[in-house]
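Report on the structure
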Amino acid sequence: MASIMFRGFMIIAVMFVVVVAWLYWGMAGPRISELFITEGFLKLPLSLAPPIESLPTGDNVMEKAGQWGDGFGALNALFAGLAFTGALAALFMQGHAADKQNKDYHRQRFESSYFELLALLRETRREVRFRYSLPYRKANKM
């Protein structure tokens, strides 16, 4: 029971880390690569991105549209992280189900052997004929 609770806690912890990392990535904006290089990971500002002002207008519409669309890459990261967490959860649940199935299989094998031996014992008891010895019959006048 404790291992199941530990597995559940681990799944929730992984999901929490994925969501926090996704939120941090989404709030850092499309400048995240240059911020990693110039300011370092711990000094990232938490600015919202992409701002509405970056919507495409004017001559370089396609360039700005691409940059604005790149801001939604964090959504892709969220879905990938959630899919990974779901795959881990499925693996943990399959492992638990396999353990349970293995225990049931061993119990069924034991019960099958036990009841076969019990039937053999009963059959053998039916075939046994007990005869009193001659001195016992004489003593009890049988």
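Residues numbered from 1 in each chain as written. Predicted model: local features only at pLDDT ≥ 70, side-chain atom pairs only at ≥ 80, totals over all residues. Heavy atoms only, no water.

Focus: the overall build of the chain
Assigned secondary structure in the chain consists of five helices and zero strands. Of the regular secondary structure in the chain, the N- to C-terminal order runs α-α-α-α-α. Residues classed as buried in the chain amount to 10% of the 142 residues present. Across the chain, contacts joining residues at least 24 apart in sequence account for 39% of those joining residues at least 6 apart. A total accessible area of about 12,000 Å² is found for the chain, and carbon and sulfur atoms account for 66% of it. (Helix = DSSP H or I, 4+ residues; strand = E, 2+ residues; numbered from the N terminus. Buried < 20%, exposed > 50% of the residue type's maximum accessible area, 1.4 Å probe, protein only. Contact = heavy atoms within 4.5 Å. Areas by Shrake-Rupley, 256 points an atom, 1.4 Å probe, with all protein chains shown as cover.)

Considerations on the pattern of salt bridges
The final tally for this structure, using the stated rule, is two salt bridges. Arg107 is the salt-bridge partner of Asp104, the closest N and O atoms lying 3.9 Å from each other. Taken together, the residues Asp104 and Arg107, both in helix H4 (residues 73-127) and three residues apart, mark about one turn of the helix. The partly exposed category is assigned to Asp104, whose relative accessible area is 31%. For Glu111, the salt bridge is made with Arg107, and the minimal N-O distance between the two is 3.2 Å. Here the residue Glu111 and the residue Arg107 both occupy positions in helix H4, the gap between them amounting to four residues, near one helical turn. With relative accessibility at 42%, the residue Arg107 sits in the partly exposed group. (Salt bridge = Lys/Arg side-chain N within 4 Å of Asp/Glu carboxyl O.)

Regarding a nonpolar patch on the surface
Taken together, the side chains of Met15, Val19, Leu23, Phe72, Leu75, Phe79 and Leu82 make up a nonpolar region of the molecular surface, amounting to roughly 580 Å² of accessible area. Its relative accessible area of 32% is what places Val19 among the partly exposed residues. (Patch = residues over 30% accessible without salt bridge, like charges linked within 9 Å, V, L, I, M, F, W, Y side chains within 5 Å.)

Quick look at the UniProt feature "transmembrane region" (unreviewed entry) in the chain
With numbering matched to this structure, UniProt assigns "transmembrane region" (unreviewed entry) to residues 7-25 and 72-93. Its end C-alpha atoms 32 Å apart, residues 72-93 is made of 95% helix and 0% strand. (UniProt positions renumbered as here; feature names shortened; annotations may be inferred.)

What about the side chain of Thr85?
Relative to the helices and strands, Thr85 resides in helix H4. Ignoring anything within four residues of it in the chain, the contact list for Thr85 reads Ile11, Val14, Met15 and Val18.

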